[in-house]
Amino acid sequence: MTSATPGSSHVKEQMVGWAFKLCGLLSLFVTVGIAVVLFAEAAHFFGEVSVVEFLFGTEWTPLFTEKHFGILPLVLGTLLVSAIAMIVAIPLGILIAVYLSEYASARVRRSLKPILEILASIPTIVFGYFALLSVTPFLQKIIPGLSGFNALSPGIVMGIMILPFVVSLTDDAMTAVPHSLRMAAYGLGSTRLQVAFRVVLPSASSGVIAACVLAVSRAVGETMLVAIAAGMRPTFTLNPLVPVQTITAYIVQVSLGDTPAGTLEYRSIFAVASVLFVLTFILNMLAQKLRASFKFTYA
Amino acid sequence: MSNAFEIKNLNIYYNGLHAVKNVSIDIPHTLITAIIGASGCGKSSFLRAMNRMNDLIPNSRRTGEILFHGVDIHQPMMSEVTLRRRIGMVFQKPNPFPFSIFDNVAYGLRIQGMRDKATLDQRVEESLRRAALWPEVKDRLKQSAFALSGGQQQRLCIARTLAVDPEVLLLDEPCASLDPTGTARIEELLQKLEKEITIIIVTHNMQQAKRLSDTVGFFHLGELVEFGRTEEMFEHPRIQLTRDYIMGHFG
Ligand SMILES: Nc1ncnc2c1ncn2[C@@H]1O[C@H](COP(=O)(O)OP(=O)(O)OP(=O)(O)O)[C@@H](O)[C@H]1O
Ligand SMILES: [Mg+2]
């Protein structure tokens, strides 16, 4: 017996619609909730520490007796590791994407993409130990002054870690470039290399830049790798050979420690997390804008 | 009258499909040759064979000989890159690069290594003038090519091709996506260019073929049915198939 009268199926449709809407709203609430808690706790922190000292101070010693809350060493540590990661991931990622989209045969493509996806599925903690136990000792043989904890090794490993991400997004952007542009370029007497680098890549530029921005955003937010291999010493430096601490690594340090809730040290992680939140939020917005303009170009 | 192309027993296959069947044809130098025929009869395939764009299509295969000014375009000494600079192509849908108007026209020169700003400026202007687009764009060369109308974009694509100074212009239904005004402007410009270069144009528009061309080739199911001077072909087609096709299209 079927009870599916037009009326009841309409009600069902509506209920399914509501269920989906609810799921959507839930994710929105969670995001807003996190932001509210973050900023509320951070507000308490700024009741005791001046915003100016926090943003422009060059010493970060919240766990010492003489406390300083200048976030710049953490910001610099974060940017240093991320920059090294980008130096590895962006050129290599773009080259691999160019190869995949312009040179590789369909068969090579089909077998190479899953390999990259496997690389993307390795837990970040594995990369952390890889950096600490393999890459750092190896680098120490080449660079004598390198300390056991440093920005260089996790930076390089992080670059390899986000490589699949850069490749995949860049490849998407390049394959979205209409075939007719390649034909126009060949018709003008371009070599394959010229088609790839002087037509397809520039035509995909906003998509490629979006990929890079998203990669930076991931690097900035990456935690386990740097917590393990970069050290826990906030240093106001751009020297990649000495230990540094990133924003995320500091949050791990305090969260895992026995800092009681409600103390200034405890609240400081909300303040630094807010900075991280704002930073990644801006990067993601920027990437989204770029991708939208890319889609618009070839709509 | 000299020939730009002498084509002998050209066959083109895609996988198992025999798209161009044993076509032999001599295409005269600095005249307009029109290629007509029903959809799917191999006109585009034939056109693409002449600057070796078919080589880019995987699974396409060719037999037969194409001589360009007496030289076999498939001989090992001939690079397809140089060949395509000498034999330019304009496509059915305008396909400007998402660059500025200037950069579009300068592209072909830059990939050949031309860097000098003054020469580039001069060559870009000259090409835009030849394509009858200069007055409309001279004040906005830095703007995106996408801001132009469809007809302007198509003339830009012609200018881009002319910039590298080709000896032949292959056009595959260049007016298919344009309105009558845009079409008229392109026809006017092709008639001017005819004095300098060889033009081969694929068209579905019989009036256009009649107005523009000096010689016409009629294709049917991959075969070249008839080839001759335009007036003769339209006044007294020798073959019934041609007569039916032309009559059908004049209504
Ligand atoms: N890249 C390709 N791969 C496989 N088959 C193709 C390819 N290009 C063309 N063909 C086939 O070859 C035949 C001739 O196609 P072609 O595009 O040359 O015809 P056409 O006369 O230009 O048609 P139209 O007037 O519709 O543009 C058609 O049957 C077509 O399906
Ligand atoms: Mg065609």
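The coordinates are above.
Residues numbered from 1 in each chain as written. Chains lettered and ligands numbered in written order. Predicted model: local features only at pLDDT ≥ 70, side-chain atom pairs only at ≥ 80, totals over all residues. Heavy atoms only, no water.

### Some thoughts on the pairing of strand β6 (residues 87-90) of chain B
All names here are of chain B.
Point 1. Both faces of β6 are covered, namely the face carrying Ile87 and Met89 and the face carrying Gly88 and Val90.
Point 2. When β6 meets strand β7 (residues 168-172), the two strands line up parallel, connected through four bridges. Of the residues in β7, the one forming a bridge with glycine 88 is leucine 169. (Buried < 20%, exposed > 50% of the residue type's maximum accessible area, 1.4 Å probe, protein only. Helix = DSSP H or I, 4+ residues; strand = E, 2+ residues; numbered from the N terminus. Pairing = 2+ DSSP bridges.)

### Some remarks on the sheet that holds strand β5 (residues 71-72) of chain B
Residue and element names in this part refer to chain B.
Point 1. As summarised here, the arrangement of the four strands in space is β2-β1-β4-β5, forming an open sheet in which the pairing is antiparallel. With one partner strand each, in any of the chains shown, β2 (17-28) and β5 form the two edges of the open sheet.
Point 2. Two elements, strand β1 (residues 3-14) and strand β4 (residues 60-68), share eight bridges in a ladder whose sense is antiparallel. Considered in β4, the bridge of glutamate 6 is made with leucine 67.
Point 3. Across the sheet, helix α1 (residues 43-50) touches β1, β2 and β4, and the angle it forms with β1 is around 125°. (Contact = heavy atoms within 4.5 Å. Axes fitted to C-alpha atoms, helices over the stretch in contact; angles between N-to-C directions.)

### Quick word on the site of ligand 1
Residues and elements named next belong to chain B.
Point 1. Close to ligand 1 lie 15 residues, the nearest being Ser39, Gly40, Lys43, Ser44 and Ser45.
Point 2. Here an oxygen atom of ligand 1 sits 2.7 Å away from a polar atom, N or O, in the side chain of lysine 43.
Point 3. Alone, ligand 1 offers 620 Å² of accessible surface; in the complex the protein occludes 64% of this.
Point 4. For the shell around ligand 1, the elements supplying multiple residues, two or more each, are β2 and α1.
Point 5. Considering every element that reaches the shell around ligand 1, the biggest residue donor is α1, with four residues.
Point 6. Classifying every residue of the shell around ligand 1 gives six nonpolar, six polar and three charged. (Near = heavy atom within 4 Å. Polar contact = N/O pair within 3.5 Å; in protein donor to acceptor, adjacent residues only side chain to side chain. Areas by Shrake-Rupley, 256 points an atom, 1.4 Å probe, with all protein chains shown as cover. Nonpolar A, V, L, I, M, F, W, Y, C, P; charged D, E, K, R; others polar.)

### Section: the sheet that holds strand β3 (residues 32-37) of chain B
All names here are of chain B.
Point 1. Taken together, six strands build an open sheet; the order of strands is β6-β7-β8-β3-β9-β10 and the sheet is mixed. Looking at the sheet topology across the chains shown, the edges are occupied by β6 and β10 (223-229). Ignoring strand direction, the axes of neighbouring strands in this sheet form an average angle of 15°.
Point 2. Here five bridges tie β3 to strand β9 (residues 215-220), and the two strands are oriented parallel to one another. Within the sheet, the bridge partner assigned to isoleucine 36 lies in β9 and is phenylalanine 218.
Point 3. Helix α6 (residues 150-162) rests against β6 and β7 of the sheet, and its axis sits at about 170° to β6.

### Details of the packing of aromatic side chains
Point 1. Counted under the stated rule, the structure contains 15 aromatic pairs over all chains.
Point 2. Geometrically, the ring pair formed by phenylalanine 45 of chain A and phenylalanine 54 of chain A is edge-to-face, given 5.6 Å between the ring centres and 70° between the ring planes.
Point 3. Phenylalanine 45 of chain A sits in the buried class, given a relative accessible area of 0%.
Point 4. Judged by centre distance (5.1 Å) and plane angle (50°), the rings of phenylalanine 46 of chain B and phenylalanine 219 of chain B are tilted. A residue pair is termed long-range when its members are at least 10 positions apart, and phenylalanine 46 of chain B in helix α1 and phenylalanine 219 of chain B in strand β9 qualify at 173 residues. A single burial state applies to phenylalanine 46 of chain B and to phenylalanine 219 of chain B, both of which are buried.
Point 5. Taken together, the ring pairs in this structure connect Phe45, Phe46, Phe54, Trp60, Phe69 and Tyr250 of chain A into an aromatic cluster.
Point 6. Of note, lysine 142 of chain B hangs over the ring of phenylalanine 102 of chain B, and the distance from its end group to the ring centre comes to 4.6 Å.
Point 7. Above the face of the phenylalanine 97 of chain B ring, arginine 160 of chain B is positioned so that its terminal group lies 4.4 Å from the ring centre. (Phe/Tyr/Trp six-rings, centres within 6.5 Å; stacked < 30°, edge-to-face > 60°. Lys NZ or Arg CZ within 6 Å of the ring centre and 35° of its normal.)

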